[in-house]
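Examining the three-dimensional arrangement
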Amino acid sequence: QQVVISGTGVFTPPYAISNDELVASFNAYVELYNAENADAIAAGTVEAKAPSSSAFITAASGIETRYVMDKEGILDPTRMCPRYAPRADDVPSMMAEMALDAATKALDMAGVEAADIDLIICAASNMERAYPAIGVEIQQVLGAGGFAFDMNVACSSATFGIQAASDMIRAGSVRRALVICPEITSGHLEWRDRDCHFIFGDVATAVVLEAAEAAQKPLFKLRSTRCATQFSNNIRNNMGFLRRAHDQMDDRRDMQFMQNGRKVFKEVLPLVSHHIAQHMEEEGLDATALKRLWLHQANKAMNDYIGKKVLGRVPEPGEQPNILQDYANTSSAGSIIAFAKHSDGMTAGDLGLICSFGAGYSVGSVVVEKV
Ligand code: CO8
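Cut-off values and rules
- Residues numbered from 1 in each chain as written.
- Predicted model: local features only at pLDDT ≥ 70, side-chain atom pairs only at ≥ 80, totals over all residues.
- Helix = DSSP H or I, 4+ residues; strand = E, 2+ residues; numbered from the N terminus.
- Buried ≥ 20, exposed ≤ 12 C-beta atoms within 10 Å, placed from the backbone.
- Contact = placed C-beta atoms within 7 Å.
- UniProt positions renumbered as here; feature names shortened; annotations may be inferred.
- Near = placed C-beta within 6 Å.
- Nonpolar A, V, L, I, M, F, W, Y, C, P; charged D, E, K, R; others polar.
- Pairing = 2+ DSSP bridges.
- Axes fitted to C-alpha atoms, helices over the stretch in contact; angles between N-to-C directions.
- Parallel < 35°, antiparallel > 145°, perpendicular 65-115°, else oblique.
- Left-handed = near helix turned anticlockwise from the far one by under 90°.
- Core = buried A, V, L, I, M, F, W, Y, C linked by C-beta atoms within 7 Å.

As recorded in an unreviewed UniProt entry, the protein chain goes by 3-oxoacyl-(Acyl carrier protein) synthase III and comes from Celeribacter baekdonensis B30.

Here's what the structure looks like:
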């Protein structure tokens, strides 16, 4: 059973924060913190915080701006965290609301009615509650049929979700699926930590997958998918339901995103390069035949390296499109934003590769062929 991608949708949050705005508020927070802790800093019991810099952020990551669901709380130096009002149980959750926008765009593109969808996978790094599954709520607000579930493979949630959905379509248990990645990274990022405060942004993406025979407007054939994981503590979050039982309810640093960025950079690059080379070899494809690479959007230097390694030369402009300068790292959604916004200009038979990598470690690759 041939599987096709027939629609994509991106929900972009209403507020943008530039590096300069972010750094100005971070540095105001640092001044406040150092003034409040002046005595302890002088006594050597508390470490003074160092300021951040826009020039560092752009040079180290390639990120210039990020979108968020709330700007005021993040930029308030006395708060340094978005302000999201709790919602009553009968009101759609934030993730469902963001998902609805992205999914509607993807369905419109595919020319598919929500009622004809029989699988929804809500694939993201964080779920705003434990249960009922956000995917099932999205199924209800969208008016989709069939069944839905949540899955979390951090940055690789989208590609792992595409593999799961396409396998079910191939097996015949599902005809049409939506893989949706609503990422509220702003609630999970530690905005008070200079090492990572610039990394993430909010977004939601959606991809419609269909059995080829059912698709009215196919865009890409799905040639094959590959997933791989290898355990690492270098990107970690310890928030969990045992927190209360652990008698650990305080404002702990490890309840938010933590990473050893340098190690991630060094360890993930060879993992990804090897994974892609192996996937292409198993497919009997020459990697240099790839017309486009839609890579995970964490770091520009990382993507430059992978693009060169895969193609065996420096990619031409447009061959390896980045969106991280505008969206920052949006975890699972990054490669899908690049795919949704930069798939023009390909002709029938052209091959492309969507590839995600991140916490776990996890790597997912999807080879697609333009219809
Ligand atoms: N301003 C100025 N200077 C700074 C700043 C700053 N903001 N931050 C650090 N510095 C300083 C450091 O103190 C250090 O100084 P010194 O050399 O004197 O010690 C110097 O700059 C260099 O610091 P680093 O070594 O930390 O800098 P790097 O060049 O390694 O760049 C990056 C940091 C950009 C983080 C880089 O390491 C990177 O991008 N690594 C890869 C990270 C990655 O891909 N991570 C994937 C994570 S995403 C994922 O998997 C999803 C997880 C789940 C999602 C969670 C949603 C929120």
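After that view of the structure, there is still more to cover.
Of the regular secondary structure elements, the protein chain holds 11 helices and 13 strands. Referenced to the eigenvectors of the C-alpha coordinate spread, the extents of the protein chain come out at roughly 70 × 55 × 35 Å. The burial tally for the protein chain puts 43% of its 371 residues in the buried class. For the protein chain, restricting intrachain contacts to residue pairs at least 6 apart in sequence, the fraction spanning at least 24 positions comes to 78%.

With that out of the way, let us pick up the UniProt feature "domain: Beta-ketoacyl-[acyl-carrier-protein] synthase III N-terminal" (unreviewed entry) in the protein chain. Per the UniProt record, "domain: Beta-ketoacyl-[acyl-carrier-protein] synthase III N-terminal" (unreviewed entry) is annotated on residues 149-219. Within residues 149-219, the helical portion is 21% and the strand portion 28%, while the C-alpha atoms at the span's ends are 25 Å from each other.

Attention now goes to the site of the ligand. The environment of the ligand is formed by 28 residues, the closest being Phe-56, Gly-261, Ala-298, Asn-299 and Gly-358. Mapped by element, the contributors of at least two residues to the shell around the ligand are α3 (54-61) and α8 (261-282). Partitioning the shell around the ligand into residue classes produces 13 nonpolar, 12 polar and three charged.

With that settled, the discussion passes to the sheet that holds strand β13 (residues 362-370). Taking strand neighbours across the sheet as the criterion, the nine strands line up as β5-β4-β6-β7-β1-β8-β13-β12-β11 in an open arrangement whose pairing is mixed. Across the chains shown, the open sheet's two edge strands, defined by having one partner strand only, are β5 (147-151) and β11 (290-295). Averaged over all pairs of adjacent strands, the angle between their axes in this sheet comes to 25 degrees, without regard to strand direction. As paired elements, β11 and strand β12 (residues 351-358) share five bridges and run parallel to each other. Along β12, the bridge assignment pairs Leu-290 with Leu-351. Sitting on the sheet, helix α5 (residues 94-110) is in contact with β1 (3-11), β4 (119-123), β6 (176-183) and β7 (203-211), with an inclination near 130 degrees to β1. The strands touched by α8 are β8 (220-229), β12 and β13; relative to β13, the strand with the most contacts, the crossing angle is about 40 degrees.

Helix packing for two helices is described by the angle between their axes and how far apart those axes are. Running from N to C, α8 and helix α9 (residues 300-311) point in directions that differ by 30 degrees, and their axes come no closer than 10 Å. Relative to α9, the element α8 lies roughly parallel. The handedness of the crossing between α8 and α9 is right-handed. Residue-level inspection shows Phe-265, Leu-269, Val-272, Ser-273 and Ile-276 of α8 in contact with α9, the latter providing Met-302, Tyr-305, Ile-306, Lys-309 and Val-310. Tallied by class, the residues present in the contact of α8 with α9 amount to eight nonpolar, one polar and one charged.

The next subject is the packing of α5 against helix α6 (residues 134-142). Running from N to C, α5 and α6 cross one another at 55 degrees; their axes reach a closest spacing of 9 Å. One way to sum up the angle between α5 and α6 is to call them oblique. Between α5 and α6 lies a crossing whose hand is right-handed. In contact with Met-95, Ala-96, Ala-99, Leu-100 and Ala-103 of α5, α6 contributes Ile-134, Glu-137, Ile-138, Val-141 and Leu-142. Of the residues belonging to the contact of α5 with α6, the class tally is nine nonpolar, no polar and one charged.

The next point concerns the nonpolar core. Among the nonpolar cores identified, the biggest contains 105 residues, and Ala-99, Ala-103, Ile-138, Val-179 and Ile-180 are the most heavily contacted of them. The greatest single-element share of this core, amounting to 10 residues, is contributed by α5. Those residues in contact with Ala-99 that lie beyond four places of it in its chain are Cys-122, Ile-138, Ile-180, Pro-182, Ala-204 and Ala-206.

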